[in-house]
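Architecture and fold: a report
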Amino acid sequence: MFILDPPSNDGNCNGLPTSCYSQHLVPTLICSGNNTPAGYNCTQAGAGEPFIKGAIFYVPWNLVSSSNGIYDFSVPDNRAQPWIDAGKLVAFDFIPTSQGTSNTVTPSWYLNPVPISSVSQTGGIITLNTTAPMGFFPGGVTAAPKLEIQITGTGTALDGVWTVCDHSTAGCIDPASQTIYAIGSGNDIASVSTGTVGNPVYGTTNCGSGTLPLEWRPNFIKAWQAFISQVVQHYASNNSVAYLRFGFGIGGENIPNHGTMVAACQAEMTKYAFSSVPAPWPDPSSAQWQQVTTTWVNYLNAMLQSERSLSSIRQFGTTMSPIVTSGSDLVTPDAIASDAVALKVGIGSQGLQKSDPANYAAGPACLGGDWCANFAKYKGQVPLELQTLNYSDPSDANVVGSLVNTVPFATGLGTQILELYVDDWMCTYDSSWNGNNTYSACAAAGYPAIFSAAAAQIN
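To keep things clear, this report deals only with the structure shown in the data block. (Residues numbered from 1 in each chain as written. Predicted model: local features only at pLDDT ≥ 70, side-chain atom pairs only at ≥ 80, totals over all residues. Heavy atoms only, no water.)

Considering the overall build of the protein
Tallying secondary structure elements over the protein gives 14 helices and 17 strands in all. Expressed along its principal axes, the backbone C-alpha trace of the protein runs to roughly 75 × 50 × 35 Å. Relative to its 459 residues, the protein shows a buried fraction of 54%. Carbon and sulfur atoms form 51% of the exposed surface of the protein, whose accessible area is close to 17,400 Å². (Helix = DSSP H or I, 4+ residues; strand = E, 2+ residues; numbered from the N terminus. Buried < 20%, exposed > 50% of the residue type's maximum accessible area, 1.4 Å probe, protein only. Areas by Shrake-Rupley, 256 points an atom, 1.4 Å probe, with all protein chains shown as cover.)

What follows is the structure in structure tokens.
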């Protein structure tokens, strides 16, 4: 049982009571002996000590990779250290993009294009010069051949996505910091001196998630695989790290974006080879839906294969996300589950909610990735991880519902890693807590007994 992304100091208590870290989290949950964690002079275990196994932290990509190929893990390490000092386990969920309507997580070095000084096309080969070094290629400009560039704003047929070439292709020369060659198409185009060039991106207007990398294309794949490799190396010797999860879409999920049900977004994704199916896409419950999912499922499988090739001694996990969040796409989460289990990667969902027990009993899939059916199918084969959709409601009124109903259901289906929000831990064990959930409400609902029973089953 893990606490989900807990505050690491009193400065990030947004939405929580004042001094949520020093006056609530530390003495209530992670004090486990004299002067642990360092600086708090703890002399006894907190009320949640017998039950909480540790903490899992969200880690945005730009927090640890502010420059191309440079990695600094000091922020997540510092956040995790008090838990490690207290003898707890920690885990990390690494996020390549934001979950919301704007993308503030993908590093600027990846997203920001460079101004073009001149670009032309002769004999099907694009020659492009820039006013500043092209620092956006994953691995640097020497690694650019066979990666892609996206040219925009020239007002010509050069606008689009093209593959970088080198001396092995007739008419091309090896790339330099401000000169690049790419395989174009069609007629010759006279030199123009306008526009920008960068890594391929999409989605700002149509897909509801801000400017996103084309996750299923080679540039993002190369960059994110390199990042995963660095994470594995960094935490290889840290035995307090229980598991690592990497998002392959938005946030820590494997959903491409927030607009996959919007025809304009579908058309843009098809334009960039997400699928050969024109918009509007068929209903996810139809037989034709699998034609839409093939590229994305293959991409996810390739990323899982890449993780497996690193021979990490830390357990990997992934999310069984659908392409669309309406609940009717079962093809994608079922394929992710099957591929992950074959590679011994843990599977999970971040959508535990009130409707799940009733849906499972009645036959329909649990929302957010068919996790109920896949947990039942793969129980005992890989670790099964589950997170509530949001902090719970002890009165059972909102969509998340009461943990009194959802937690026993989850553990009954074999959940081995349960990630719960700070609010739910605090309202269960901190008598002075008065956050989104109150201590009195959670006590009246029976949360302490539910936590105790779950911990006895899975910790």
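From this point on, the discussion continues.
A short note on the sheet that holds strand β13 (residues 241-246)
Strands pair in a sheet through their backbones, by hydrogen bonds, and they do so in one of two ways: parallel or antiparallel. If you walk around this closed barrel you meet the 8 strands as β1-β2-β3-β13-β14-β15-β16-β17, and the pairing is parallel. Across this sheet, the average inter-strand angle for adjacent strands is 25°, counted without regard to direction. Most of the contacts of helix α12 (residues 422-429) go to strand β17 (residues 417-421), to which it runs at about 80°, and overall it touches β1 (2-4) and β17. (Pairing = 2+ DSSP bridges. Axes fitted to C-alpha atoms, helices over the stretch in contact; angles between N-to-C directions. Contact = heavy atoms within 4.5 Å.)

Some points on the side chain of T319
You can see T319 is positioned in strand β14 (residues 315-319). Overall, the relative accessible area of 1% leaves T319 in the buried class. At 2.7 Å, the side chain of T319 and the side chain of Q350 are in polar contact. With residues near it in sequence (within four places) discarded, T319 still touches R245, G252, E253, N254, I336, G348, S349 and Q350. (Polar contact = N/O pair within 3.5 Å; in protein donor to acceptor, adjacent residues only side chain to side chain.)

Quick word on unusual backbone geometry
With an omega of -5°, the peptide bond running from A279 to P280 counts as cis. Residues other than glycine seldom take positive phi values, yet K146 does so here, at roughly 80°. The topology assignment puts K146 in the loop between β5 (125-130) and β6 (148-152). Overall, the relative accessible area of 69% leaves K146 in the exposed class. Located in the positive-phi region is D370, a residue other than glycine, with phi close to 55°.

Re the pairing of strand β4 (residues 114-122)
Relative to strand β10 (residues 196-198), β4 runs antiparallel, the two being bridged by 2 bridges. Paired with V114 across the two strands is V197, which belongs to β10. Taken together, the 6 bridges between β4 and β5 define a ladder with antiparallel strand orientation. Opposite V119, over in β5, you have L128 as the bridge partner. Connecting β4 to the next strand, β5, in antiparallel fashion are 2 residues, including G123 with a positive phi near 60°.

Notes on the packing of aromatic side chains
A full pass over the atoms with the stated rule returns 37 aromatic pairs. Pairing F94 with F246 gives two aromatic rings, centres 5.2 Å apart and planes at 15°, and the pair type is stacked. Placement of F94 in strand β3 (residues 89-95) and of F246 in strand β13 is noted, with a sequence separation of 152 residues between them. Take F94: its relative accessible area is 0%, and that puts it in the buried class. Among the residues examined, F246 registers a relative accessible area of 1% and is labelled buried. Where W216 meets F274, the ring centres are 5.0 Å apart and the plane angle is 80°; that geometry is what we call edge-to-face. Here W216, found in the loop between β12 (212-213) and α5 (218-235), pairs with F274, found in the loop between α6 (263-271) and α7 (289-309); they are 58 residues apart in sequence, far enough to count as distant. (Phe/Tyr/Trp six-rings, centres within 6.5 Å; stacked < 30°, edge-to-face > 60°.)

Focus: the nonpolar core
F92, F94, W224, F246, I347, W371 and W425 are the most contacted members of the largest nonpolar core, which totals 105 residues. Of the residues forming this core, the biggest block, 8 residues, is contributed by α5. Membership of the second largest hydrophobic core comes to 21 residues, among which are V114, V119, I126 and L147. (Core = buried A, V, L, I, M, F, W, Y, C linked by side-chain atoms within 4.5 Å.)

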